[in-house]
Amino acid sequence: MKPFTVRLKLHGDLEFFLRSGARSQSIERSLGEKTSVKDVIESFGVPHPEVDLILVNGRPVDFDYALANDADVELYPVVTDRPKFKYKSLQVASYNRFVVDGHLGKLARDLRLLGFDVAYDPTAEDRQLLGVMERQNRALLTRDRRLLMHAVVKTGYFPRSQNADEQTVEVIRRFDLLGSIIPFTRCLLCNAPLRKVSKAEVIERLEPLTKIYYEQFRRCTGCGQIYWPGSHFSKLQKRLEQIRANFAD
Ligand SMILES: [Zn+2]
């Protein structure tokens, strides 16, 4: 087979995945055999769950499209301005169930605070994360590029920032979650839903001052942790406001 050249152009923030020297220019690669566009994309370092639209010579294609001749390949991420024609998204736009990799504990906690269903086990190995993702239909959040490139990953995201607050905002944006936030409904420790309980039900487990000052309580239906406005919620309320401030017009 005659060698051919593939030129790649990245839109939106997908340049993030290139080595810094290669940014802001189209990149070329010479290929000697028929190769799926997905394999070419990932050979440049871009994980497939980050790509929502692939154009080959201006026409939309799927991940399994085989490149065999000279081609211009353009990639668009999920959140960006796209070319103005109809196309089938390669990614799911909205998702509210996640599995979070062990290095992103603060992000996991933030998402639970906002009411989202987040599986998080800091000791889980890669194959366990992928197993939970598949069995429980969760989107994978990880800053491990190799893991995100795994063939079984359908929906996932690589937080660009290393800061948990910024990561949370990114995830809300990527998965269109702003309208689905229901804060203080999920246990930060174990992810189970919280249930409102009367003071009488929990009074034996309260500290003396808490008994005096607070009337509203929620208890985790999983681990039994008790939450009330004073101790946990005021700090969290501030965090919540900071997160929401990013979306104010
Ligand atoms: Zn719990």
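Summary of the structure given here. Quick caveat: nothing in here was measured; it's all calculated off a predicted structure.

Cut-off values and rules
Residues numbered from 1 in each chain as written. Predicted model: local features only at pLDDT ≥ 70, side-chain atom pairs only at ≥ 80, totals over all residues. Heavy atoms only, no water. Helix = DSSP H or I, 4+ residues; strand = E, 2+ residues; numbered from the N terminus. Polar contact = N/O pair within 3.5 Å; in protein donor to acceptor, adjacent residues only side chain to side chain. Contact = heavy atoms within 4.5 Å. Salt bridge = Lys/Arg side-chain N within 4 Å of Asp/Glu carboxyl O. Pairing = 2+ DSSP bridges. Right-handed = clockwise from strand over helix to strand, strands pointing away. Core = buried A, V, L, I, M, F, W, Y, C linked by side-chain atoms within 4.5 Å. Buried < 20%, exposed > 50% of the residue type's maximum accessible area, 1.4 Å probe, protein only. Donors = N, O, S within 2.8 Å, 3.2 Å for Na, K, Ca; no water. Tetrahedral: all angles 85-135°; square planar, octahedral: opposite > 155°, others 65-115°.

Here we look at the side chain of Asn191
Turning to its location among the elements, Asn191 is positioned in the loop between helix H5 (164-174) and strand E12 (194-197). Engagement of the side chain of Asn191 in a polar contact is seen with the side chain of Asp117, the distance being 2.8 Å. Residues in contact with Asn191, not counting those within four places in the same chain, are Arg112, Phe116, Asp117, Val118, Ala119, Arg138 and Arg186.

Remarks on the pattern of salt bridges
Summed over all chains, the structure comprises nine salt bridges. Taking the shortest distance from any N to any O, the salt bridge between Asp117 and Arg138 comes out at 2.9 Å. One end of the pair, Asp117, is in strand E9 (residues 117-120); the other, Arg138, is in the loop between helix H3 (126-135) and strand E10 (139-141), and 21 residues separate them in sequence. Several salt bridges converge on common partners, so that one network encompasses Asp13, Glu50 and Arg160.

Some thoughts on the pairing of E9
Bridge analysis of strand E8 (residues 97-100) against E9 gives four bridges, and the strand direction is parallel. Bridge pairing in E9 places Arg97 opposite Asp117. Running through helix H2 (residues 105-113), the crossover from E8 to the neighbouring parallel element E9 is right-handed.

Description of the nonpolar core
In terms of nonpolar packing, the biggest core is built from 36 residues, with Ile54, Leu67, Val73 and Leu75 touching the most fellow members. For this core, the elements supplying multiple residues, two or more each, are strand E1 (4-10), strand E2 (27-31), helix H1 (37-43), strand E4 (53-56), strand E7 (71-76), H3 and helix H4 (145-148). Excluding its chain neighbours within four sequence positions, the residues that come into contact with Leu67 are Phe4, Val6, Glu33, Lys34, Thr35, Val37, Val40, Val56 and Val73. The next biggest cluster of nonpolar side chains, apart from the first, holds 32 residues, and it includes Ala139, Cys187, Phe233 and Leu236.

A look at the coordination of the zinc ion
Every protein donor of the zinc ion is accounted for by Cys187 (SG), Cys190 (SG), Cys220 (SG) and Cys223 (SG), and the metal-donor separations fall at 2.3 Å. Around the zinc ion, the four donor atoms sit at angles spanning 95 to 117°, and that spread fits a shape best called tetrahedral. In the primary structure, the donors to the zinc ion are separated according to the pattern C-x2-C-x29-C-x2-C. Placement of the pair is Cys190 in the loop between H5 and E12 and Cys223 in the loop between strand E13 (217-220) and strand E14 (226-227), with a sequence separation of 33 residues. What makes Cys190 partly exposed here is its relative accessible area of 33%.

Limitation: the analysis is restricted to geometry and does not speak to function.
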